[in-house]
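Below, each chain spelled out in residue letters.
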Amino acid sequence: MNDIANPTQHTFRRFKDGETVWDFSDLQTRIFEGERTYKCPTYVRRTPPCQAICPSGHDIRGWLSIARGIDKPPVAGMPWQEYAFQRMAAANPFPALIGRICPAQCQKSCNRDKVDDFIGINSVEHYVGDWAIAHKLKLPAPAEATGKSVAVVGSGPAALSAACYLRLKGHAITIYEARDKLGGMTRYGISSHRLPRDVLDAEIQRILDLGITVVTGKKVGVDIPLAELESKFDAVFLGVGAQKCAPLDAQGADAPNSMSGLAFLNAFNEGRLQDVPARVLVVGETDIALEVAAVARRLGHVEGAKRQNAQVTIVYGRPLPRVLGDKLEHLLAEGVQIRPSLAPVAVVADDTGRAKALRVVEVERGGKRRPNTEVDIECDLIVTATGQSGDFAGMTELDNGSGQMTVDGLYRWTGRPGIFAGGEVLRPLNVNRAVGHGRIAAQVIDQYVRGETMEKRPAFDVYQFDMLAELEQRGLKPADYHHRQESGTDTANFAVHNFEDRSANLDVSASDLFLGHFALEPRVERIERPITAETVLGDFGERISALAEEQVVAEAKRCMSCGSCMECDNCIIYCPKVAVERVPEELRAVGRYVTTDYAKCVGCHICKDVCPSGYIQMGLERIKA
Ligand code: SF4
Ligand code: SF4
């Protein structure tokens, strides 16, 4: 029972007052004595908003269904975690990495937020990713060799994702990386306290284990001409990232103790930077700037033989956002000072030419400088991270004039055929979007090297569940079409009856669901270790811990399975004509759990109204686009 004073469940209503006053009096007769209708339930798969917004196109609903036991492993004895990992890796080969550092746009769009709180999608990914590493799971074997080859330049998330999905298609792949180790910005731009190196190494190695050739220490454009790759390979994918930081925009910026944020993080991640001066000034509000500040507080300043806290200040070019978000909140808790709405004016140098302060000026929203507001902030090191661009040394023809490359909607460089690009070389973006670029570019490059037409991409360019593959993996593949004209084909087994997949073009919003079905359930949160200004020094341990298995399953069970059947039985229970029944167990598959006897259905819409997940549409009914 829902106690109104202390509710455990929302009382969402399908109808507003007055809408239940029907303008015909024979409703009961029509339902209970009716014989036919032209509007019967159809099961229509649509893309849930979590997946629609995920730049890597993850099948989030799919692997949550696996974790909660709706979608069972098709092979006897396979642990659900392995099956979930396979589904994750079909769109994104870095679940342990992404589960830790992804900004999780999916969670911000999750329909469950309209009931109580979003689903902790990242925490499920984190758990499954770690389980896959601990159990040494592999990616599927590549398809038969095609005889085609692709050069992948760079080894950040976009490049590795492209390499992975191209190799799975059977192409020979060679990665060219200018540094000694693979990983790009995930290795050289992110600290180990956010992304442990054993996790990164394991997820990269799993991709290399597909049989990928790696050339390190060679910079394409400098050591190897791009033209050489074009002549040797059938296609080239450029995932070279944005390896150049914009310089400090201030007079005297070339002081010897002024450096770029990327140079700082590179030195730290290569082990060359072990401590920082007493006062560090970070200029910028980019992710790199925030990472530099976090690392500087952890490294601290060594005086005599004693390591102590460094004073770290961020000169933040904008007002602080109203909602700070995790990164800024963590930095403030760790003792970083953030001075908003300031712009650099000039480096104040001492007698030796070294910076001893940065002169800044207050700026209004929009960047206009306020007169007579200049102040000097004392410092021993200035680190600038206000923006990045691509490094096109030896490949200047790729530069669109803004330090980036321009590609079309199919990730084709607009300069010459056969060259594709993705990731931060196109524009600043998050790691999950870079992974998505690589996955989609791999599909396009596959079509290109095979000489096929490169297809227009769907509205929701995400991993698409394939009902025929689902039926096939459960031994339920439909028979071949017999090419005969006949009537009464409702029992013919060459068709998938009563199902329509519109997920390439339609998503499902909270108003399409029956939210009243769901009881309030608090989100199971990962434990976050508090790190304070007093404890941050030398603390390079992870802040968050993965959930335990039972917590992951509980969290997955909160998912409302938006746009696909969650096997709740509501439609069976509430159908007044007993027209809806379960599919026999041996014939069930994901999305094939219930079936309607059209000879009994009178089109009352009740099943549609009580379906929590918005999976039912009445046939012939128009669905809003
Ligand atoms: S409830 Fe589940 S399917 Fe729906 S948006 Fe949230 S995670 Fe996605
Ligand atoms: S009401 Fe429940 S069982 Fe019926 S289609 Fe919707 S989710 Fe599936």
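Residues numbered from 1 in each chain as written. Chains lettered and ligands numbered in written order. Predicted model: local features only at pLDDT ≥ 70, side-chain atom pairs only at ≥ 80, totals over all residues. Heavy atoms only, no water.

### Quick look at the pairing of strand S11 (residues 311-315)
- By the criterion of burial, S11 is predominantly enclosed, with 4 of the 5 residues buried.
- Bridge count between S11 and strand S12 (residues 337-339): 3 bridges; the pairing is parallel. In the sheet register, threonine 313 faces S12, and the bridge partner there is glutamine 337.
- Each parallel crossover has a hand, and for S11 linked through helix H14 (residues 325-333) to S12 it is right-handed. (Buried < 20%, exposed > 50% of the residue type's maximum accessible area, 1.4 Å probe, protein only. Helix = DSSP H or I, 4+ residues; strand = E, 2+ residues; numbered from the N terminus. Pairing = 2+ DSSP bridges. Right-handed = clockwise from strand over helix to strand, strands pointing away.)

### A short note on the sheet that holds strand S16 (residues 381-384)
- The 5 strands lie next to each other as S7-S16-S8-S11-S12, forming an open sheet whose pairing is parallel. Only two strands of the sheet have a single neighbouring strand rather than two, namely strand S7 (258-260) and S12. Put simply, the sheet's adjacent strands are angled 20° from each other on average, direction ignored.
- Across 4 bridges, strand S8 (residues 279-283) lies against S16 in parallel orientation. By the bridge assignment, valine 283 is partnered in S16 with threonine 384. (Axes fitted to C-alpha atoms, helices over the stretch in contact; angles between N-to-C directions.)

### Some points on the site of ligand 1
- Taken together, the neighbourhood of ligand 1 is formed by Pro48, Pro49, Cys50, Arg61, Leu64, Cys110, Asn111, Ile119, Ile121, Cys559, Met560 and Cys562.
- Counting residues per element, the ones that place at least two in the shell around ligand 1 are helix H2 (49-53) and helix H3 (60-68).
- Of the residues contributing to the shell around ligand 1, the split by class is 10 nonpolar, 1 polar and 1 charged. (Near = heavy atom within 4 Å. Nonpolar A, V, L, I, M, F, W, Y, C, P; charged D, E, K, R; others polar.)

### Points about empty space enclosed by the protein
- Under the definition given, this model contains 6 cavities of 30 Å³ or more.
- In this structure, the largest cavity occupies an estimated 150 Å³ of space.
- If you trace the largest cavity, you find 20 residues lining it, with Arg45, Asp59, Arg61, Gly62 and Phe465 closest to the centre.
- Broken down by element, the lining of the largest cavity gets its largest block of residues, 3 residues, from H3.
- Partitioned by chemical class, the residues of the lining of the largest cavity number 6 nonpolar, 8 polar and 6 charged. (1 Å grid on protein atoms, 1.4 Å probe; cavity = no way out; pocket = protein on both sides within 12 Å on 5 of 7 lines; lining within 4 Å. Points joined across faces, edges and corners; volume = space filled by probe spheres on them.)

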